[in-house]
Amino acid sequence: MLSILTQIIFLFISSFVSIYIVFDFMTRMFGKVQKTKTKYVVTFVGTWLLFFASNILSIPFLNIGLLFAIPIFVGVYLFNAGNKKDFFLILLLIIFFPLSEIISQLAQMVVFSE
């Protein structure tokens, strides 16, 4: 039981960090264009919970789809990213996520191998 709870907490925190990275990246690259913080907070929480739910369900196509859809949606909806250069930067961010996961898994294997 504790193991499942620990995994859920880890996914909850991991999903938060992933969405935080998306929002921080967008803010630094494109700047905020919305006047109210409410849109940012609601979108942040909504995308966080959506990403968390997809991680809990562990459906690969859903995870990959959201990996692409969330940064693009956030960039276009909140940060007015729309030209080719903006989409290229978002694509680099999207590529960053699986690469960092691979590096993290390799590091864990090296550190925790017997």
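Above: the structure in question.
About the cut-offs
The numbers attached to residues start from 1 for each chain and follow its sequence in the written order. In view of the model being predicted, local features appear only for residues whose pLDDT reaches at least 70, and side-chain atom pairs are presented and counted only at 80 or more, with totals across whole chains, interfaces and linings using the full set of residues. Heavy atoms from the whole structure form the basis of all side-chain values; hydrogens and water molecules are not counted. Structural elements are reduced to axes, namely lines fitted to C-alpha atoms, with helices fitted over the stretch in contact, and the angle between N-to-C directions of any two is expressed from 0 to 180 degrees. For the purposes of this entry, the term helix denotes a DSSP run of H or I that reaches at least four residues, the term strand denotes a run of E that reaches at least two, and both are numbered from the N terminus. In this scheme the handedness of a crossing depends on how the near helix is turned from the far one: anticlockwise by less than a right angle means left-handed, clockwise means right-handed. Here a residue-residue contact requires only that any non-hydrogen atoms of the pair lie within 4.5 Å. Amino acids outside the nonpolar list (Ala, Val, Leu, Ile, Met, Phe, Trp, Tyr, Cys, Pro) and the charged list (Asp, Glu, Lys, Arg) are all regarded as polar, and Gly is one of them. Here the expected length of a helix is defined as 1.5 Å per residue gap, with one fewer gap than residues. Buried, partly exposed and exposed residues are distinguished by accessible area as a fraction of the type maximum, computed with a 1.4 Å probe on protein chains only: under 20%, between the cut-offs, and over 50%, respectively. The reported arc concerns the directions from the helix axis to the C-beta atoms and nothing else. Aromatic rings from Phe, Tyr and Trp, with only the six-membered ring used for Trp, were paired whenever their centres fell within 6.5 Å, and each pair was classed as stacked if the ring planes differed by under 30 degrees, edge-to-face if by over 60, and tilted otherwise. When the NZ atom of lysine or the CZ atom of arginine is within 6 Å of a ring's centre and also within 35 degrees of its normal, the charge is said to sit over that ring.

We now examine the packing of helix α3 (residues 60-79) against helix α4 (residues 84-112). Relative orientation of the contacting elements α3 and α4 amounts to 145°, with a least axis distance of 10 Å. Note on packing geometry: the crossing formed by α3 with α4 is right-handed. Seen from α3, the contacting residues are Leu67, Phe68, Pro71, Ile72, Gly75 and Val76; seen from α4, they are Phe87, Ile90, Leu91, Leu93, Ile94, Phe97 and Pro98. When its residues are assigned to classes, the contact of α3 with α4 shows 12 nonpolar, one polar and no charged.

Across its 21 residues, helix α2 (residues 37-57) extends 30 Å between first and last C-alpha, which sits within 8% of the 30 Å expected from 1.5 Å per residue. Along α2, the residues that are buried comprise Tyr40, Thr43, Phe44, Thr47, Trp48, Phe51, Phe52, Ser54 and Asn55. Projection of α2 onto a plane perpendicular to its axis shows the buried side chains occupying an angular sector of 160°, all on one side. Residues of α2 that are exposed and point more than 90 degrees away from the buried face comprise Thr38, Val42 and Leu57. The first or second residue beyond α2 is Ser58, which carries a positive phi of 55°.

Summed over the entire model, instances satisfying the criterion amount to 11 aromatic pairs. For the pair Phe12 and Phe52, a centre-to-centre distance of 5.0 Å together with 85° between the ring planes defines the contact as edge-to-face. Here the residue Phe12 occupies a position in helix α1 (residues 2-30), and Phe52 occupies one in helix α2, the gap between them amounting to 40 residues. Measuring from ring centre to ring centre gives 5.2 Å for Phe73 and Tyr77, while their planes differ by 10°; the resulting arrangement is stacked. Remark: Tyr77 and Phe73 occur in helix α3; sequence separation between them is four residues, near one turn of the helix. One cation-aromatic arrangement involves Lys32 over Tyr40; the distance from NZ or CZ to the ring centre is 4.9 Å.

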